[in-house]
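Letter by letter, the chains look like this.
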Amino acid sequence: MTNSIKNVVVVGASGNVGKEVARELIKAGFNVTIFTRQDSTATFPENATVKKVDYQSVESLASSLEGQDALVSTIATVAVGSQKALVDAAIAAKVKRFISSEFGINTRTVGDSAIGKILQGKIKVLDYIIEKSEENPWFTWNGVSSGLFFDWGLRVGSLGFNKDTKSAVIYDSGNEPVQGSNLAFIGRAVVAILSQPQKTANQYLSIASFNPSQNQILEILENETGEKWKIEHASTAEQEKIGLEKLGKGDFSAFSNLLRKHVYADGANNAVKGENSANGFLGLQDDDLATTLNEWLRT
Ligand SMILES: NC(=O)c1ccc[n+]([C@@H]2O[C@H](COP(=O)([O-])OP(=O)(O)OC[C@H]3O[C@@H](n4cnc5c(N)ncnc54)[C@H](OP(=O)(O)O)[C@@H]3O)[C@@H](O)[C@H]2O)c1
């Protein structure tokens, strides 16, 4: 079993969450090596080692993984299938911990629902990792469910709040608590996992910076801006209908529609608190919702 983890590879460290994961690992004193594609033009922090790799070649990946204790994959959604070669290479190089590119809704509980069908790539890879870990008990794993990327979602508009037009789309009653995590919080969760390797081995962990309802977010935004925001009401039943139609045509942009149903529907019950939350287990401090919203309003 893993005693301590010092040397960590981050895959996809130029990405939305990977950037923050690498930053937090470096800050916490891990020796970070970043894997990046041969043709990537991404730039990286100076205090990390950068290796250009070929995600098709298990042999060359294994040689790049020599001496590493852990691999954290934050690879792009479109590339989650590439993780199978990374798993085989990690086992060949005796890497002791593999954190799979999950970082969203809990894929262990979606079953064969419509959204579960879209998430099959992630589900199959994690099934494969667990199978390999059972065959090789020294090879341990984690998956992290973070819910919505919260600060990122505010910035890119995917949470439905627009600070320029002071407008928002509210689904159903707007009262459903929603699992959300800021990107740096996810980075701190990865640090906490790798800092406590025995305790955290072979676990799927759900975390959340907070679990606000859309109405709670709106109330804070209206208080802070001193203005009433323009609200458009929408239904998650309609979002589900659109999502299923798209899925029937093989259009995977259905994910956003089905996700809205999954997280915002009244009674969805996906909030991560109390014993469902790994925040306490990992020793994570919750983020403050008002502070996060204020930072977004100010930038
Ligand atoms: N919860 C949420 O709201 C939410 C939102 C978005 C994503 N996610 C999940 O979080 C994880 C990471 O997503 P992300 O948005 O942070 O990733 P991203 O920014 O889309 O991509 C991460 C990195 O993956 C690398 N990569 C390797 N193969 C690639 C390929 N074929 N195409 C594109 N990039 C490739 C790239 O790094 P190099 O250029 O250095 O090779 C890229 O910068 C995924 O599992 C995703 O599903 C969750």
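Parameters and conventions
- Residues numbered from 1 in each chain as written.
- Predicted model: local features only at pLDDT ≥ 70, side-chain atom pairs only at ≥ 80, totals over all residues.
- Heavy atoms only, no water.
- Helix = DSSP H or I, 4+ residues; strand = E, 2+ residues; numbered from the N terminus.
- Rg over C-alpha atoms; globule rule 2.2 N^0.38 Å.
- Contact = heavy atoms within 4.5 Å.
- Areas by Shrake-Rupley, 256 points an atom, 1.4 Å probe, with all protein chains shown as cover.
- Lys, Arg positive; Asp, Glu negative; His and termini not counted.
- Charge placed at Lys NZ, Arg CZ, Asp CG, Glu CD.
- Axes fitted to C-alpha atoms, helices over the stretch in contact; angles between N-to-C directions.
- Parallel < 35°, antiparallel > 145°, perpendicular 65-115°, else oblique.
- Left-handed = near helix turned anticlockwise from the far one by under 90°.
- Nonpolar A, V, L, I, M, F, W, Y, C, P; charged D, E, K, R; others polar.
- Phe/Tyr/Trp six-rings, centres within 6.5 Å; stacked < 30°, edge-to-face > 60°.
- Pairing = 2+ DSSP bridges.
- Domains from an automatic or database assignment.
- Buried area = accessible area lost by both parts, 1.4 Å probe.
- Near = heavy atom within 4 Å.
- Polar contact = N/O pair within 3.5 Å; in protein donor to acceptor, adjacent residues only side chain to side chain.
- Expected span 1.5 Å × (residues − 1).
- Buried < 20%, exposed > 50% of the residue type's maximum accessible area, 1.4 Å probe, protein only.
- Arc of directions from axis to C-beta.

Undergrad: Please clarify how the overall build of the protein chain should be interpreted in this entry.
TA: Helix and strand content of the protein chain: 13 helices and twelve strands. Here the C-alpha radius of gyration of the protein chain, 20 Å, is about what a compact globule of 299 residues would show, namely 19 Å. Across the protein chain, every contact between residues at least 6 apart in sequence was considered, and the portion connecting residues at least 24 apart equals 77%. Taken as a whole, the protein chain presents about 13,600 Å² of accessible surface, with 48% of it coming from carbon and sulfur. The averaged location of the 34 negative side-chain charges in the protein chain is 3 Å from the averaged location of its 30 positive side-chain charges.

Undergrad: I keep staring at the packing of helix H3 (residues 83-92) against helix H5 (residues 120-135) and nothing clicks. Help me out?
TA: Helix-helix packing: each pair is described by the crossing angle between the helix axes and the interaxial distance. One way to put it is that H3 packs onto H5 with a least axis distance of 10 Å and a crossing angle of 15°. In terms of orientation, H3 and H5 fall into the roughly parallel class. The handedness of the crossing between H3 and H5 comes out as right-handed. Between H3 and H5, the residues in contact are Gln83, Lys84, Val87, Asp88 and Ile91 and Val125, Tyr128, Ile129 and Lys132, respectively. When grouped by side-chain class, the residues that make up the contact of H3 with H5 number five nonpolar, one polar and three charged.

Undergrad: What am I meant to see in the packing of aromatic side chains here?
TA: Aromatic ring pairs are described here by two measures, namely the spacing of the ring centres and the angle between the planes. Applying the stated rule across the entire model yields five aromatic pairs. When the centroid spacing of 4.9 Å and the interplanar angle of 75° are considered together, the rings of Phe150 and Phe210 count as edge-to-face. With a gap of 60 residues between them, Phe150 in helix H6 (residues 150-156) and Phe210 in the loop between strand S11 (203-206) and helix H9 (214-225) connect regions that are remote in the sequence. With centroids separated by 5.3 Å and ring planes inclined at 5°, the aromatic side chains of Tyr171 and Tyr264 adopt a geometry described as stacked.

Undergrad: Would you mind going over the sheet that holds S11 with me for this structure?
TA: To summarise the sheet geometry, strands pair through backbone hydrogen bonds and adopt either a parallel or an antiparallel arrangement. Strand order in the open sheet made by the seven strands is S3-S2-S1-S4-S5-S6-S11, with parallel pairing throughout. Across the chains shown, the open sheet's two edge strands, defined by having one partner strand only, are strand S3 (49-53) and S11. Neighbour to neighbour, the strand axes of the sheet diverge by 20° on average, direction disregarded. Taken together, the five bridges between strand S1 (residues 7-11) and strand S2 (residues 31-37) define a ladder with parallel strand orientation. In the sheet register, Val9 faces S2, and the bridge partner there is Thr33. Sheet contacts for H3: S1, S2, strand S4 (70-73) and strand S5 (97-99); angle to S5, the most-contacted strand, approximately 170°. Running over the sheet, helix H7 (residues 183-195) touches S1, S4, S5, strand S6 (140-145) and S11 and is turned about 160° from S5.

Undergrad: In this structure, what is going on with the domain arrangement of the protein chain? I would like to understand it.
TA: Interfaces are often sized by the amount of accessible area the parts lose when they come together. In terms of domains, the protein chain is made up of domain 1 (7-145 + 181-207 + 273-282) and domain 2 (149-178 + 211-272 + 287-298). A separation of 27 Å is found between the C-alpha centroids of domain 1 and domain 2. On the side of domain 2, 20 residues touch domain 1, which itself brings 20 residues to the contact. Summed over both sides, the interface between domain 1 and domain 2 buries roughly 1,700 Å², with carbon and sulfur atoms accounting for 68% of that surface. Sorting the residues of domain 1 by area buried against domain 2 places Ile118, Asn182 and Lys273 first, and these three jointly supply 35% of that buried surface.

Undergrad: Explanation requested: the site of the ligand in the structure shown.
TA: Around the ligand lies a shell of 24 residues, among which Ser14, Asn16, Thr36, Ser40 and Gly147 are the nearest. Note that an oxygen atom of the ligand is positioned 2.8 Å from one of the side-chain N or O atoms of Asn16. Side-chain polar atom of Thr36 to an oxygen atom of the ligand: 2.7 Å apart, as the coordinates give it. Relative to its free-state accessible area of 900 Å², the ligand is covered by the protein chains to the extent of 79%.

Undergrad: Just to check I follow, could you spell out helix H10 (residues 236-248) for this structure?
TA: At 3.6 residues per turn, the α-helix brings residues three or four places apart onto the same side. With 13 residues, H10 ought to run about 18 Å at 1.5 Å a step, and its terminal C-alpha atoms sit 18 Å apart, in line with that. Where H10 is concerned, the buried positions are Thr236, Gln239, Gly243 and Leu247. An end-on view of H10 places all buried positions within 70° of arc, on one side of the element. Packed against the buried residues of H10 are helix H4 (114-118), strand S9 (167-171), strand S12 (230-234) and helix H11 (254-264). One or two steps after H10, the chain reaches Gly250, where phi turns positive at roughly 75°.

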